[in-house]
Amino acid sequence: MAHLCEMNQIGHVASVKNIGKNLIVRIASNANYKNGEGAWVERTHWNEHMIFERQAGLLKWASENLKPGDLVHVRSTAFQSEWEKDGETRYGQTFAVNELTLLTAKSDKKEKQEETAKSRGGRRR
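Structure report, in brief. (Residues numbered from 1 in each chain as written. Predicted model: local features only at pLDDT ≥ 70, side-chain atom pairs only at ≥ 80, totals over all residues. Heavy atoms only, no water.)

This paragraph deals with the overall build of the chain. Per the secondary structure count, the chain includes two helices and five strands. For the chain, the succession of helices and strands along the chain, N to C, is β-β-β-α-β-β-α. Counting only carbon and sulfur atoms, one obtains 48% of the accessible surface of the chain, whose full area is about 9100 Å². (Helix = DSSP H or I, 4+ residues; strand = E, 2+ residues; numbered from the N terminus. Areas by Shrake-Rupley, 256 points an atom, 1.4 Å probe, with all protein chains shown as cover.)

This is the structure in structure tokens:
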């Protein structure tokens, strides 16, 4: 019996690209920790999540609406993938999207910053 691993990630969209009839959404999220000297270190984790052709509604929505910088929540199922390259079988991990939610569009964030600056009588730098 195969065990599936579910992944939840909240992060910013780095890119959205078509791979054949599928779509890959690359997401970056930060994991901060204290090192041995007590200083905070920021480490960015990059994951690629695949939306398959059979998920036509989600694929269309993501390709038309997601932009780099958007904050999203994605729930995916990990599975092993394999392919041939230079006569060798290669193995990797693919995250198949189950749910994808836009939390804050980058353009919304920019508009809110501008509104806040105007309401304070200031300007954006």
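Attention now moves to helix H1 (residues 56-65). Regarding H1, the residues found buried are Leu58, Leu59 and Ala62. With its buried residues spanning 100° around the axis, H1 presents them on a single face. Turning to H1, the residues buried within the fold contact strand S1 (5-19), strand S2 (22-34), strand S3 (40-51) and strand S5 (88-104). (Buried < 20%, exposed > 50% of the residue type's maximum accessible area, 1.4 Å probe, protein only. Arc of directions from axis to C-beta. Contact = heavy atoms within 4.5 Å.)

This brings us to the pairing of S2. Where S1 and S2 come together, seven bridges link them in antiparallel fashion. Note on S2: the bridge partner recorded for Ser15 is Arg26. Between S1 and S2, which follow one another and run antiparallel, lie two residues, and Gly20 among them has a positive phi close to 65°. Pairing analysis gives twelve bridges linking S2 to S3, with the strands arranged antiparallel. When the sheet's bridge partners are listed, Ser29 is paired in S3 with His45. Adjacent in sequence and paired antiparallel, S2 and S3 are bridged by five residues, among which Gly38 carries a positive phi angle near 85°. (Pairing = 2+ DSSP bridges.)

As a further point, take the nonpolar core. Judged by nonpolar contacts, the single largest core of 13 residues is most densely connected at Val25, Ile51 and Leu100. Going through the elements one at a time, S2, H1, strand S4 (71-85) and S5 are the ones with two or more residues in this core. Beyond its immediate stretch of four places on either side in the chain, Leu100 contacts Ile51, Leu58, Trp61, Ala62, Leu66, Val72, His73 and Val74. (Core = buried A, V, L, I, M, F, W, Y, C linked by side-chain atoms within 4.5 Å.)

Read around the barrel, five strands follow the order S1-S2-S3-S5-S4 and close on themselves; strand pairing throughout is mixed. Ignoring strand direction, the axes of neighbouring strands in this sheet form an average angle of 50°. (Axes fitted to C-alpha atoms, helices over the stretch in contact; angles between N-to-C directions.)

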